[in-house]
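# Report on the structure
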Amino acid sequence: MTTAHPSAPAALLADNPLLGNHDIVPYHLIKAEHVEPAITHVIESNLRQLARLLPEQLEFPTWDGLVKPLEDMHQRLLAVLQPEQLLSRHHHLAVIDAYARCRERVQAYESAMKHNRTVHAVLQLLQQSPQALDLDPTQQAALSHALRASRLAGAGTQPSIQRRIGRLHLEL
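This one's a predicted model, so the numbers in the text were calculated from it and none came from an experiment.

This part takes up the overall build of the chain. When its secondary structure is counted, the chain shows eight helices and zero strands. Reading the secondary structure of the chain in the N-to-C direction produces α-α-α-α-α-α-α-α. The buried share of the chain, reckoned over its 172 residues, is 38%. Here the analysis covers contacts within the chain between residues at least 6 apart in sequence; of these, 69% occur between residues at least 24 apart. Carbon together with sulfur atoms contributes 56% to the accessible area of the chain, which is approximately 10,600 Å² in total.

Quick look at the nonpolar core now. Within the largest apolar cluster, 34 residues are counted, with the highest numbers of intra-cluster contacts made by V35, I39, L66, L70 and L123. Elements supplying a minimum of two residues to this core: helix 2 (32-57), helix 3 (63-81), helix 5 (93-115), helix 6 (117-127) and helix 7 (137-153). Excluding residues within four positions of it along the chain, L123 makes contact with L66, V67, L70, L143, A146 and L147.

On to the pattern of salt bridges, then. One pass over the structure, following the stated rule, counts two salt bridges. Here D72 makes a salt bridge to K68, at a shortest N to O gap of 2.8 Å. Highlighted residues: D72 and K68, both in helix 3, separated by four residues, approximately one helical turn. Given the relative accessible area of 38%, K68 is considered partly exposed. Ionic pairing is found between R103 and E84, a salt bridge with its closest N-O pair at 2.6 Å. Residue R103 is located in helix 5, and its partner E84 is located in helix 4 (residues 83-89); the two are separated by 19 residues in the primary sequence. Assessed through its relative accessible area of 36%, R103 is described here as partly exposed.

The rules we used
Residues numbered from 1 in each chain as written. Predicted model: local features only at pLDDT ≥ 70, side-chain atom pairs only at ≥ 80, totals over all residues. Heavy atoms only, no water. Helix = DSSP H or I, 4+ residues; strand = E, 2+ residues; numbered from the N terminus. Buried < 20%, exposed > 50% of the residue type's maximum accessible area, 1.4 Å probe, protein only. Contact = heavy atoms within 4.5 Å. Areas by Shrake-Rupley, 256 points an atom, 1.4 Å probe, with all protein chains shown as cover. Core = buried A, V, L, I, M, F, W, Y, C linked by side-chain atoms within 4.5 Å. Salt bridge = Lys/Arg side-chain N within 4 Å of Asp/Glu carboxyl O.

Here it is, written out as structure tokens:
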């Protein structure tokens, strides 16, 4: 796995085109040196947010307190990862190499999120709660999808089986 960079200075992150809120991604500004700090920043930020929100959601999980933030975290990571597809078509080799160096770290993060037993348990609790009846069809589908992904990743299974599934996911 790529070793984690210490968090980049705020000024460096502020100038990173992968981290801005852009209507249209400024592909022409993305350089190889932006990739790893952006990915590291998003993963670390997402893990900090997860650590804050899970304890708040353990007893009475809500859509806005659990599923929406999980979706937002996923979208933040996708926003940093998606430029790789277009840039690879235009032969930006240094940027492609930078993404490749981060791939293992991203896969490990995604696997850990899907295997998180606490997230799985709290999602189940939400699905079984009276609030689930008030969710609109799109929200119900998103909740079901999140639980299905978690189950397929092995969350809720014995730790030995979960580790084996995790290894298989990384191999794929």
